[in-house]
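# Structural overview for review
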Amino acid sequence: MLRTYEIVDPKGVSCGILTYDTEKDSYEVDTSRDYPIEDMPAFLATAAYQGMYHLDNHYALMFVRERVIPPDRQNIGEILRIIGAPYYTEFVILDYLKGRCVRDEFTLREITQ
């Protein structure tokens, strides 16, 4: 099953789409060529400056891992208990936190069909 999210700025404007395939446990990111590169999250901006507007699982997972609590974080078991996750996966944390991180003000907004 595919889960699809818009990557949105604080004004609700989308700079791209993140897709997660639950069966393959893989990600893809497609950033908008119309959104100002200098206003994108740093990882996406760096990729866009290099002409990479489509990120395969390798690079998309790097973007995701930048936005979630790392697995070796102190008290990770307690954090997982609080969010109701039986074990650590990037996707569960990403979805629960709506992609929020301390590096920027972008969040994820799920696109429901």
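Keep in mind the model is a prediction, meaning the values are calculated, not measured.

## Overview of the overall build of the protein chain
Within the protein chain, the regular secondary structure consists of four helices and five strands. When its helices and strands are written in sequence order, the protein chain yields β-β-β-α-β-α-α-α-β. At 14 Å, the protein chain has a C-alpha radius of gyration in line with the 13 Å of a compact globule built from 113 residues. Counting only contacts in the protein chain whose residues sit at least 6 apart along the sequence, the fraction spanning at least 24 positions is 46%. For the protein chain, the accessible surface area stands at approximately 7,000 Å², while carbon and sulfur atoms represent 50% of it. Averaging the positions of the 12 positive and the 19 negative side-chain charges in the protein chain gives two centres separated by 5 Å.

## Notes on helix 2 (residues 57-67)
Turning to helix 2, its buried residues are A60, L61, F63, V64 and R67. The arc that holds the buried residues of helix 2, viewed along the axis, is 155 degrees, so those residues lie on one side.

## Describing the nonpolar core
I7, L18, Y27, V29, M40 and L44 are the most contacted members of the largest nonpolar core, which totals 33 residues. Among the secondary structure elements, those contributing two or more residues to this core are strand 1 (2-8), strand 2 (14-21), strand 3 (26-31), helix 1 (42-49), helix 2, helix 3 (76-83) and helix 4 (90-97). At five residues, the largest contribution of residues to this core is made by helix 1. Sequence-distant contacts of L18, defined by excluding residues within four places in its chain, comprise R3, T4, Y5, I7, Y27, E28, V29, F63, V64 and L94.

## Section: the pattern of salt bridges
According to the stated counting rule, one finds seven salt bridges in the structure shown. In this structure, R3 engages E110 in a salt bridge whose closest nitrogen and oxygen atoms are separated by 2.7 Å. Highlighted residues: R3 in strand 1 and E110 in strand 5 (residues 107-111), separated in sequence by 107 residues. Taking relative accessible area as the criterion, R3 reaches 18% and is therefore assigned buried. With a shortest N-O distance of 2.6 Å, R81 and E78 are connected by a salt bridge. Of this pair, R81 and E78 are both found in helix 3, three residues apart, which corresponds to roughly one turn of the helix. Exposure remark for R81: the relative accessible area of 56% places this residue in the exposed category.

## Here we look at unusual backbone geometry
Its identity as a non-glycine residue notwithstanding, N75 has a phi of 65 degrees, on the positive side. Since its relative accessible area comes to 53%, N75 is described here as exposed.

## Quick word on the side chain of D104
Its location among the elements puts D104 in the loop between helix 4 and strand 5. There is a polar contact of 3.0 Å between the side chain of D104 and the backbone nitrogen of F106.

## Section: the packing of aromatic side chains
Under the criterion given, the structure shown has five aromatic pairs. Measuring from ring centre to ring centre gives 4.6 Å for Y20 and Y27, while their planes differ by 40 degrees; the resulting arrangement is tilted. Among the residues examined, Y20 registers a relative accessible area of 7% and is labelled buried. For Y27, a relative accessible area of 2% gives the class buried.

Criteria and thresholds
Residues numbered from 1 in each chain as written. Predicted model: local features only at pLDDT ≥ 70, side-chain atom pairs only at ≥ 80, totals over all residues. Heavy atoms only, no water. Helix = DSSP H or I, 4+ residues; strand = E, 2+ residues; numbered from the N terminus. Rg over C-alpha atoms; globule rule 2.2 N^0.38 Å. Contact = heavy atoms within 4.5 Å. Areas by Shrake-Rupley, 256 points an atom, 1.4 Å probe, with all protein chains shown as cover. Lys, Arg positive; Asp, Glu negative; His and termini not counted. Charge placed at Lys NZ, Arg CZ, Asp CG, Glu CD. Buried < 20%, exposed > 50% of the residue type's maximum accessible area, 1.4 Å probe, protein only. Arc of directions from axis to C-beta. Core = buried A, V, L, I, M, F, W, Y, C linked by side-chain atoms within 4.5 Å. Salt bridge = Lys/Arg side-chain N within 4 Å of Asp/Glu carboxyl O. Polar contact = N/O pair within 3.5 Å; in protein donor to acceptor, adjacent residues only side chain to side chain. Phe/Tyr/Trp six-rings, centres within 6.5 Å; stacked < 30°, edge-to-face > 60°.

Note that all results are geometric; they support no functional claim without further evidence.
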